[in-house]
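These are the residues of each chain, in order.
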Amino acid sequence: MLKVENLVVHYGVIPALKGISLEVKEKEIVCLIGANGAGKTTTLNTISGLKKPTSGGIYFQDKLLNNLPAHEIVKLGISQVPEGRGVFPNLSVVENLHLGAYLRKDKSAIEQDLKWVYEIFPRLEERKNQLAGTLSGGEQQMLAIGRALMARPKLMLMDEPSMGLAPIVVEEIFRIIKFLNKEQGTTILLIEQNAQMALAVSHRGYVIETGEIVVSGTAQELKANDEIKKAYLGL
Amino acid sequence: MFTQQIINGLTMGSIYALIALGYTMVYGILRIVNFAHGDIFMMGTFFGLLLTQKFRFPFPLALILAAIFTALLGMLVERVAYRALRLSDRLVLLISALGVSIFLSNFAQLVWGTETHPFPSGLSVKSFQVGTVTLSNIQVYILILSCLLMIALHVFVHKTKMGVAMRATSHSINNARLMGINTDSIISMTFAVGSILAAVAGILVGIYYDAVYPTMGYTAGLKAFTAAVLGGIGNIPGAMLGGVVLGVVESLGAAYISSGYRDAFAFGIMIIVLIFRPSGLLGKKQQEKV
Ligand SMILES: Nc1ncnc2c1ncn2[C@@H]1O[C@H](COP(=O)(O)OP(=O)(O)OP(=O)(O)O)[C@@H](O)[C@H]1O
Ligand SMILES: [Mg+2]
């Protein structure tokens, strides 16, 4: 579904990605694990069209994304749950959710999906008229996920959804990620520093270090890999 | 006399508010002060003058057409002077803005000369007495029209899909793009809306003072910018309030203390407010989310 080939991305003259390749197949959860500054967010933002690549190719359902503007990429079915949640604090919860469906025209289906999102996250319905900025971190993360779902994406990109959340909330978020994939068949590219949790829900994974993929494999293989155990699982 | 000054202050205040909205909306989205906005206001006034005088359009039609042309001009300014520089240093944008401002006022001087033109609107000026207060019909038009425009703007920003997209873009361009919002067109539209308000303000004030001249954008622009800062730059209700407060303070100061210091009152009130509320009357403290 998504193929990234030899992607090179620079900030000015400094390379952030030095030719990474990865693939996400339909109905998979694939995780990209790496430490701070490894280039995870850069990878997602380049896929989403917020950052232009220096070279290499990004293909989504065999279509080259490289020079498409971000809104065209959303239209093709790729939604991002950005790092730090990226909710609009000055808008209400329901306004945020509606923005997720910004490009859709099917009004009645949008309202149906809104109900569906409220079913997954009942907390959001209780707070629908509240400003998003007044939500707790966990609720904001739920809002960010719900908002991405409102686009009915074919592929969801999630940037460190566990960041800064209490363990119990992290569990909840990961339960939902798994649910979305299993029950809805949503394809997910998941970025995490929390390798343990990420590998527990993913089918496959990649490890990125200073702009390069150093290991890849199935979740089982990665969990068994000695270097990964040491560096990312703290074992 | 007091009520009279309040009414006069409200009249000018709503003009300032209309112009201030353009400064504040553009600042809210791009975090830049569009120094060319005063000149866009001036061009809008000339468009109105041209359409009513040269082309003999009836006033309401001329007003609408002038607003449309000014919107296009505002969009052009954004396209030419700001878009490519959006990621550059603020100083570069400032220089570009000043360049546009100088260009527009010189352009106006070249085309229409440096003199002051009267603005015969075709509306016959009538004054009427309400108690001790004298009101002209022009004042009433200014008050009603600016009220209507501000209500329309409020509805647009809060109740329409585009308005919500605009508020989202003003919070974060990148996150807005991730929603599928074409932020370039939202930014363009913001310039268009601000320019429409400026054009209407310009035409109204042109008629009110029966005067149109190429440098009229400087003082009005500066006052309106002051109003925007006073209300909290980036904040839409703030710009409305700031404009009205500025107009009233200026008018009262001029009437009761000295009319020679009219401008000093305007800037004085801004300095005083900023000492006590650095983010302006309605501005929120800039809070960074971690
Ligand atoms: N806007 C930017 N300008 C310059 N350099 C940047 C910018 N954004 C990221 N970088 C650099 O690119 C590299 C990769 O950053 P990126 O944000 O992709 O890392 P990350 O893996 O997401 O890290 P984290 O886990 O901290 O979010 C880092 O060295 C970072 O300093
Ligand atoms: Mg990151």
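About the cut-offs
- Residues numbered from 1 in each chain as written.
- Chains lettered and ligands numbered in written order.
- Predicted model: local features only at pLDDT ≥ 70, side-chain atom pairs only at ≥ 80, totals over all residues.
- Heavy atoms only, no water.
- Donors = N, O, S within 2.8 Å, 3.2 Å for Na, K, Ca; no water.
- Helix = DSSP H or I, 4+ residues; strand = E, 2+ residues; numbered from the N terminus.
- 1 Å grid on protein atoms, 1.4 Å probe; cavity = no way out; pocket = protein on both sides within 12 Å on 5 of 7 lines; lining within 4 Å.
- Points joined across faces, edges and corners; volume = space filled by probe spheres on them.
- Nonpolar A, V, L, I, M, F, W, Y, C, P; charged D, E, K, R; others polar.
- Near = heavy atom within 4 Å.
- Polar contact = N/O pair within 3.5 Å; in protein donor to acceptor, adjacent residues only side chain to side chain.
- Areas by Shrake-Rupley, 256 points an atom, 1.4 Å probe, with all protein chains shown as cover.
- Pairing = 2+ DSSP bridges.
- Axes fitted to C-alpha atoms, helices over the stretch in contact; angles between N-to-C directions.
- Salt bridge = Lys/Arg side-chain N within 4 Å of Asp/Glu carboxyl O.
- Buried < 20%, exposed > 50% of the residue type's maximum accessible area, 1.4 Å probe, protein only.
- Contact = heavy atoms within 4.5 Å.
- Buried area = accessible area lost by both parts, 1.4 Å probe.
- Patch = residues over 30% accessible without salt bridge, like charges linked within 9 Å, V, L, I, M, F, W, Y side chains within 5 Å.
- pLDDT = per-residue confidence, 0-100.

Asks: Is there a simple way to explain the coordination of the magnesium ion (ligand 2) in this structure?
Replies: Ideal coordination angles are 109.5 degrees for a metal with four donors arranged tetrahedrally and 90 or 180 degrees for a metal with six donors arranged octahedrally. Around the magnesium ion (ligand 2), the protein contributes the donor atoms A:Thr41 (OG1) and A:Glu83 (OE), which lie 1.8 to 2.4 Å from the metal centre. With A:Thr41 in helix H1 (residues 40–48) and A:Glu83 in the loop between strand E6 (78–81) and helix H3 (93–100), this pair connects stretches of sequence that are 42 residues apart.

Asks: Please explain empty space enclosed by the protein as it appears in this structure.
Replies: One way to see where empty space is left: roll a probe the size of a water molecule over the atoms. Following the criterion strictly, the structure yields 1 cavity of 30 Å³ or more and no others. In this model, the largest cavity occupies a volume close to 50 Å³. Together, A:Val74, A:Ser79, A:Gln80, A:Gly100, A:Ala144, A:Arg147, A:Ala148, A:Ala151, B:Leu178 and B:Met179 line the largest cavity. Of all the secondary structure elements, the ones that give two or more residues to the lining of the largest cavity are E6 and helix H6 (137–149) of chain A. Here the element with the most residues in the lining of the largest cavity is H6(A); it accounts for 3 residues. Its residues assigned to classes, the lining of the largest cavity shows 6 nonpolar, 3 polar and 1 charged.

Asks: I keep staring at the site of ligand 1 and nothing clicks. Help me out?
Replies: All names here are of chain A. As a matter of local geometry, ligand 1 sits amid 13 residues, with Gly37, Lys40, Thr41, Thr42 and Glu83 nearest to it. One of the side-chain nitrogen or oxygen atoms of Lys40 is found 2.7 Å away from an oxygen atom of ligand 1. Taken by itself ligand 1 offers 630 Å² of open surface, and the protein chains cover 57% of this. Among the elements that take part in the shell around ligand 1, H1 stands out by supplying 3 residues, more than any other. A per-class count over the shell around ligand 1 returns 4 nonpolar, 6 polar and 3 charged.

Asks: How do you make sense of the sheet that holds strand E10 (residues 212–218) of chain A when you look at a structure like this?
Replies: Sheet strands pair via backbone hydrogen bonds, and the direction of the pair is either parallel or antiparallel. Residue and element names in this part refer to chain A. Pairing in this open sheet of 6 strands is mixed, and the strands run E6-E7-E8-E3-E9-E10 from one edge to the other. Among the strands making up the open sheet, the edge pair consists of E6 and E10. Sheet twist, expressed as the mean angle between neighbouring strand axes with direction ignored, is 15°. With 5 bridges joining them, strand E3 (residues 29–34) and strand E9 (residues 204–209) adopt parallel strand pairing. Within E9, the position partnered with Cys31 by the bridge is Gly205.

Asks: Would you take a moment to explain the pattern of salt bridges for this structure?
Replies: Side-chain pairs of opposite charge can arise whenever the charged atoms involved come near each other. Summed over the entire model, instances satisfying the criterion amount to 16 salt bridges over all chains. Across the pair A:Arg104 and A:Asp113 runs a salt bridge whose closest N-O atoms are separated by 2.8 Å. A:Arg104 sits in the buried class, given a relative accessible area of 12%. Across the pair B:Arg86 and B:Asp184 runs a salt bridge whose closest N-O atoms are separated by 2.9 Å. Remark: B:Asp184 occurs in helix H8 (residues 183–209) and B:Arg86 occurs in the loop between helix H3 (59–82) and helix H4 (90–112); sequence separation between them is 98 residues. By relative accessible area, B:Arg86 is classed as buried at 18%. Shared partners join several salt bridges into a network, and the residues in it are A:Arg104, A:Asp106, A:Asp113 and A:Arg152.

Asks: What is the right way to read the interface of chain B and chain A from this model?
Replies: Often, the extent of an interface is quoted as the loss of accessible area upon association of its parts. On the side of chain A, 24 residues touch chain B, which itself brings 20 residues to the contact. Counting the surface chain B buries against chain A, the share from its top three residues, B:Arg177, B:Leu178 and B:Met179, is 35%. At the junction of chain B with chain A, the criterion picks out 1 salt bridge. With a shortest N-O distance of 2.7 Å, B:Arg167 and A:Glu95 are connected by a salt bridge. Inspection of the region where chain B meets chain A yields 5 residue pairs in polar contact (both at pLDDT 80 or more). Sorting elements by how many residues they give to the side of chain B that touches chain A places helix H6 (residues 161–171) of chain B first, with 7 residues.

Asks: Honestly, the layout of surface pockets in this entry has me stumped. Any pointers?
Replies: Residue and element names in this part refer to chain B. Estimates place the volume of the second largest pocket at around 660 Å³. Around the second largest pocket, the lining is made up of 26 residues, and of these Arg86, Leu87, Ile173, Asn174 and Arg177 lie nearest the centre. Taken together, the residues that form the lining of the second largest pocket break down as 8 nonpolar, 10 polar and 8 charged.

Asks: Would you mind showing me how to read a nonpolar patch on the surface here?
Replies: Residue and element names in this part refer to chain B. Where nonpolar side chains cluster on the molecular surface, the patch consists of Leu91, Leu94, Ile95, Leu98, Ile102 and Tyr218 and spans about 550 Å² of accessible area. At 5 residues, the largest contribution of residues to the nonpolar patch is made by H4. Looking at the secondary structure, you find Leu91 in helix H4.

Asks: Please clarify how the pairing of E10(A) should be interpreted in this entry.
Replies: In the case of a regular strand, side chains alternate between the two sheet surfaces. Residues and elements named next belong to chain A. The pairing of E9 with E10 spans 6 bridges and is antiparallel. Residue Tyr206 lies in a different strand from E10, and its bridge partner there is Ser216. In this structure, the hairpin formed by E9 and E10 is closed by a connection of 2 residues, where Thr210 is found at a positive phi of approximately 35°.

Asks: Any chance you could explain the confidence of the model for chain B here in plain terms?
Replies: Atomic detail in the predicted coordinates should be set aside for any region of low pLDDT. All names here are of chain B. For chain B, per-residue confidence averages 92 on the pLDDT scale, and 98% of positions sit at 70 or higher. Ranking the helices and strands of chain B by mean pLDDT puts H8 first, with 97, and helix H11 (residues 262–276) last, with 86. Confidence estimates for the predicted assembly give a pTM of 0.92 and an ipTM of 0.94.

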